[in-house]
Amino acid sequence: MKQRYNYRIYPTSQQEQLLAQLFGCCRVVYSDAVALCQQIYKEGGKKPSNSELQRRLITQAKKTKERQWLSDVSAIPLQQALNDLNQGYSNFFDSVKGKRKGQKVNPPKFKSRKSNQSARFTRGGFKVGQHKIKLAKIGKVKIIWSRELPSLPSSAVVIKDSASRYFISFVVETIPEKLPDNGQNVGVDLGIETFATLSNGQKIKSSKPLKKYQRKLRRCQRNLSKKKKGSKRYEKARKRVGKVHSKIKDTRTDFLHKLSTDIIRENQTIVLEDLNVSGMVKNRKLSKAISDMGWRTFRTMLDTKSVMYGREFIVIDRWIPTSQVCSNCGFNGGKKELNIREWTCINCGVVHDRDVNASKNILVAGGHSETQNGRRAGRKTTTMVAVGDEASTHREIRFKQLSLF
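These figures come from a predicted structure and were not determined experimentally.

J.: Even after reading the chapter, I still don't get the overall build of the protein, so can you show me in this structure?
T.: Along its length, the protein carries 10 helices and 15 strands. Summarising its shape, the C-alpha atoms of the protein cover approximately 80 × 55 × 55 Å along the three principal directions. By the burial criterion, 42% of the 405 residues in the protein qualify as buried. Long-range contacts, defined here as pairs at least 24 residues apart, represent 68% of the contacts in the protein between residues at least 6 apart. For the protein, the computed accessible surface area is about 23300 Å², with 48% contributed by carbon and sulfur atoms.

J.: In this structure, what is going on with the packing of aromatic side chains? I would like to understand it.
T.: Two descriptors summarise a pair of aromatic rings, namely the distance from one centre to the other and the angle between the planes of the rings. Counted by the stated rule, this structure contains 8 aromatic pairs. Residues Trp 145 and Phe 170 carry aromatic rings whose centres are separated by 6.0 Å and whose planes lie at 20° to one another, so their mutual orientation is stacked. Residue Trp 145 is located in the loop between strand 5 (139-144) and strand 6 (155-160), and its partner Phe 170 is located in strand 7 (residues 166-173); the two are separated by 25 residues in the primary sequence. Exposure remark for Trp 145: the relative accessible area of 27% places this residue in the partly exposed category. Phe 170 gets classed as buried once you look at its relative accessible area, which sits at 0%. Ring-pair connections join several aromatic residues into one group, and the members of that group are Tyr 7, Phe 126, Trp 145 and Phe 170.

J.: Help me understand the confidence of the model for the protein in this model?
T.: In regions of low pLDDT, the predicted coordinates are not meant to be interpreted in detail. Put simply, the protein has an average pLDDT of 87, and 91% of its residues get 70 or more. Contacts for the low-pLDDT stretch residues 370-374, under 50 throughout, to residues beyond four places or in other chains number 9 contacts. Note on residues 376-405: pLDDT under 50 across the span, and 76 contacts to partners over four residues away in sequence or across chains.

J.: Whenever I open this one, a positive patch on the surface confuses me. Can you help?
T.: Positive charge collects at one region of the surface, where Lys 212, Arg 215, Lys 216, Arg 218, Arg 219, Arg 222, Lys 226, Lys 247 and Lys 288 lie side by side. Looking at which element gives the most residues to the positive patch, the answer is helix 5 (residues 214-225), with 5 residues. Within the secondary structure, Lys 212 sits in helix 4 (residues 209-212). Accessibility expressed as a relative area gives 60% for Lys 212, which makes it exposed.

J.: Mind showing me how you'd approach helix 9 (residues 295-309) here?
T.: Each α-helix winds once per 3.6 residues, and so residues spaced three or four apart point in a common direction. An ideal rise of 1.5 Å per residue puts 21 Å on 15 residues; helix 9 measures up with 21 Å between its terminal C-alpha atoms. Of all 15 residues that make up helix 9, 12 are buried, and the element is covered over most of its length. By the burial criterion, the buried members of helix 9 are Trp 295, Phe 298, Arg 299, Met 301, Leu 302, Asp 303, Thr 304, Lys 305, Ser 306, Val 307, Met 308 and Tyr 309. One or two residues past the end of helix 9 sits Gly 310, with phi positive at roughly 70°.

J.: Which parts of the structure should I look at to understand the pairing of strand 6?
T.: Consecutive residues of a regular strand have side chains that alternate between opposite faces of the sheet. Judged from the 6 bridges that link them, strand 2 (residues 117-122) and strand 6 form a sheet pairing that is antiparallel. For Gln 117, the partnering residue across the bridge sits in strand 6 and is Lys 160.

J.: I'm lost on the nonpolar core in this one. Help?
T.: Side chains of a nonpolar character, in soluble globular proteins, are inclined to be buried together. Leu 78, Leu 85, Ile 133, Leu 135, Val 158, Ile 168 and Phe 170 are the most contacted members of the largest nonpolar core, which has 41 residues in total. Aside from chain neighbours lying at most four places away, what touches Leu 85 is Tyr 30, Ala 33, Val 34, Leu 53 and Pro 108. Ranked by size, the runner-up nonpolar core spans 25 residues in total, among them Ala 196, Ile 263, Ile 264 and Leu 272.

J.: Explanation requested: unusual backbone geometry in the structure shown.
T.: Among all residues save glycine, negative phi is the norm, and among peptide bonds the norm is trans. Positive phi, normally seen in glycine, also occurs at Ser 164, with a value near 60°. With respect to the helices and strands, the residue Ser 164 is situated in the loop between strand 6 and strand 7. Residue Ser 164 is classed as partly exposed on the basis of its relative accessible area of 22%. The backbone of Lys 208 sits at a positive phi, close to 45°, despite the residue not being glycine. Relative to the elements of secondary structure, Lys 208 occurs in the loop between strand 10 (203-205) and helix 4. Owing to a relative accessible area of 17%, Lys 208 belongs among the buried residues under this scheme.

J.: Whenever I open this one, the pattern of salt bridges confuses me. Can you help?
T.: The tally for this structure, following the rule as stated, stands at 13 salt bridges. A salt bridge links Glu 193 to Lys 208; the shortest N-O distance between them is 2.8 Å. Here the residue Glu 193 occupies a position in the loop between strand 8 (185-190) and strand 9 (194-198), and Lys 208 occupies one in the loop between strand 10 and helix 4, the gap between them amounting to 15 residues. Within the structure, one salt-bridge network assembled from shared partners comprises Asp 161, Arg 165 and Asp 250.

Calculation criteria
- Residues numbered from 1 in each chain as written.
- Predicted model: local features only at pLDDT ≥ 70, side-chain atom pairs only at ≥ 80, totals over all residues.
- Heavy atoms only, no water.
- Helix = DSSP H or I, 4+ residues; strand = E, 2+ residues; numbered from the N terminus.
- Buried < 20%, exposed > 50% of the residue type's maximum accessible area, 1.4 Å probe, protein only.
- Contact = heavy atoms within 4.5 Å.
- Areas by Shrake-Rupley, 256 points an atom, 1.4 Å probe, with all protein chains shown as cover.
- Phe/Tyr/Trp six-rings, centres within 6.5 Å; stacked < 30°, edge-to-face > 60°.
- pLDDT = per-residue confidence, 0-100.
- Patch = residues over 30% accessible without salt bridge, like charges linked within 9 Å, V, L, I, M, F, W, Y side chains within 5 Å.
- Salt bridge = Lys/Arg side-chain N within 4 Å of Asp/Glu carboxyl O.
- Lys, Arg positive; Asp, Glu negative; His and termini not counted.
- Charge placed at Lys NZ, Arg CZ, Asp CG, Glu CD.
- Expected span 1.5 Å × (residues − 1).
- Pairing = 2+ DSSP bridges.
- Core = buried A, V, L, I, M, F, W, Y, C linked by side-chain atoms within 4.5 Å.

Set out below in structure tokens:
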């Protein structure tokens, strides 16, 4: 199993300039390839092969006066930039032909210098040391080892985020740690005020990092809008906005990682509802609150960690009326407004907490629990993963490369 391990690096001022030059070269080569492919497409031709793009945009471009500065950086990240472009076009073509599941994939577009910058090195372009990592034509960069690498990495991606922080991400091969079966099953109902309600009655309050830093973010954005674009003060104000966004992202990611790990370790089977998040955020009154939750990221973490620890992860159909059906007798009481948090079943008289009742129905729909009258619902959308098992009925490993950070 492949995983990503992220670490913070601290380049010197000279190394920051070299990294900025490297990021710019990778961005130019990538954008030149996109422009060339678009031009050939308009002329009625086919997309050039990856080797042809590397020959024209790297090897031959270095000999021209306009692109001779490409020789000042390592050729490995430039080649990997074109490999990423080739993979992007492959995903786009597969999506158009119907070979790729999920939402339609758009063709690659030009890279911007305002977004996160990155450059990928293969094994020949970096060397791991005790306190530093050596990068080709960059030098030895200080690195903080927050944890040990389980094996020799196959690639390393140097990243600069919007807050001008530098990270390096390694791809390593790991052996899945299968936890013992504890026989515990849980249904999880996601919400806004209460992020997750478990079928055992436990409620986890939402962290709401965006709401927490909303005032500070507004103040920084208002200050940024008053600065002249291109000036030094504009760049300083832009970094302040980026730092606030980074704080929001880190707070949310930390909360989701800790919660998903606890749920995975304490339960053998986890059942989750397939939410239409892209459709829900169109509600202008709830769009910001829903976007602040990170439901899709949480689902991805559960799916990924279930593979790591040998757990079973099930996603049920979104059309199952989990909030309408009584978890005690199975009677459907009809649709209820969002402000109704408790209701009484008119068939059996049991008083239900809306979220707890929904989580119990989610567990029933996953096929791992029964109501008092023996009702047992079938599941329609299922993702089951069991590490080490040879049986493959309704089982698939959806992530060839698992990224946790």
